[in-house]
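Fold and contact review
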Amino acid sequence: MLVVVANDLPPAVRGRMKLWFIEPRPNVFVSGIKDSVATAVIDYLYKHCPPESGLLMFRSLPQPPGYEIRTIGPLRKPMTNISGLQLVVETLVSA
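What comes next is a walk through the structure. As the structure is a computational prediction, the values presented were derived from the model and not from experiment. (Residues numbered from 1 in each chain as written. Predicted model: local features only at pLDDT ≥ 70, side-chain atom pairs only at ≥ 80, totals over all residues. Heavy atoms only, no water.)

To continue, consider the pattern of salt bridges. Counted by the stated rule, this structure contains 4 salt bridges. Residue Lys18 is joined to Glu23 by a salt bridge in which the shortest nitrogen-to-oxygen separation is 3.2 Å. For Lys18, a relative accessible area of 49% puts it in the partly exposed group. Among the residues examined, Glu23 registers a relative accessible area of 23% and is labelled partly exposed. The partner of Glu90 in a salt bridge is Lys77, and the shortest N-O contact between them spans 2.6 Å. With Glu90 in the segment after strand 7 (85-88) and Lys77 in the loop between strand 5 (67-72) and strand 6 (79-82), this residue pair connects regions lying 13 residues apart in the sequence. We classify Glu90 as exposed; its relative accessible area is 54%. Assessed through its relative accessible area of 39%, Lys77 is described here as partly exposed. Taken together, the shared-partner salt bridges in this structure form one network comprising Arg14, Lys18 and Glu23. (Salt bridge = Lys/Arg side-chain N within 4 Å of Asp/Glu carboxyl O. Buried < 20%, exposed > 50% of the residue type's maximum accessible area, 1.4 Å probe, protein only. Helix = DSSP H or I, 4+ residues; strand = E, 2+ residues; numbered from the N terminus.)

As structure tokens, this is what we get:
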């Protein structure tokens, strides 16, 4: 499985993504493609997306922890790595 969340995609890339993915929300793409195709899609995104695209890609892996997070450009939320586990940092706002 591959999930791609983008801040902004070039129109040509967004159109191409719709070949492999469903887009349940704008700039959120989800697909159950095979690992080899997922690698090809990630390589395509690295070649055709500028850093301003702000991509966050979650790819399922057969070994622990079961996923890999890849990024292109600046993200809205920081990431951290704890004992080999990639995590997105969430901040809580108390009411």
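Don't stop here, the text continues.
Here we take up a nonpolar patch on the surface. A cluster of nonpolar side chains, Ile82, Leu85 and Leu87, forms an exposed patch at the surface whose accessible area comes to about 220 Å². Looking at where Ile82 falls in the secondary structure, it is placed in strand 6. By relative accessible area, Ile82 is classed as partly exposed at 47%. (Patch = residues over 30% accessible without salt bridge, like charges linked within 9 Å, V, L, I, M, F, W, Y side chains within 5 Å. Areas by Shrake-Rupley, 256 points an atom, 1.4 Å probe, with all protein chains shown as cover.)

Under the defined criterion, the tally for this structure stands at 2 aromatic pairs. With a centroid separation of 6.2 Å and 70° between ring planes, the pair formed by Trp20 and Tyr44 is classed as edge-to-face. Taken as a pair, Trp20 in helix 1 (residues 11-20) and Tyr44 in helix 2 (residues 35-48) lie far apart in primary sequence, 24 residues in all. Note on Tyr44: relative accessible area 16%, which makes it buried. (Phe/Tyr/Trp six-rings, centres within 6.5 Å; stacked < 30°, edge-to-face > 60°.)

Let's shift gears to the side chain of Glu68. Here Glu68 shows up in strand 5. The contact partners of Glu68, leaving out residues within four places of it in the chain, are Met57, Phe58, Arg59, Leu61 and Gln86. (Contact = heavy atoms within 4.5 Å.)

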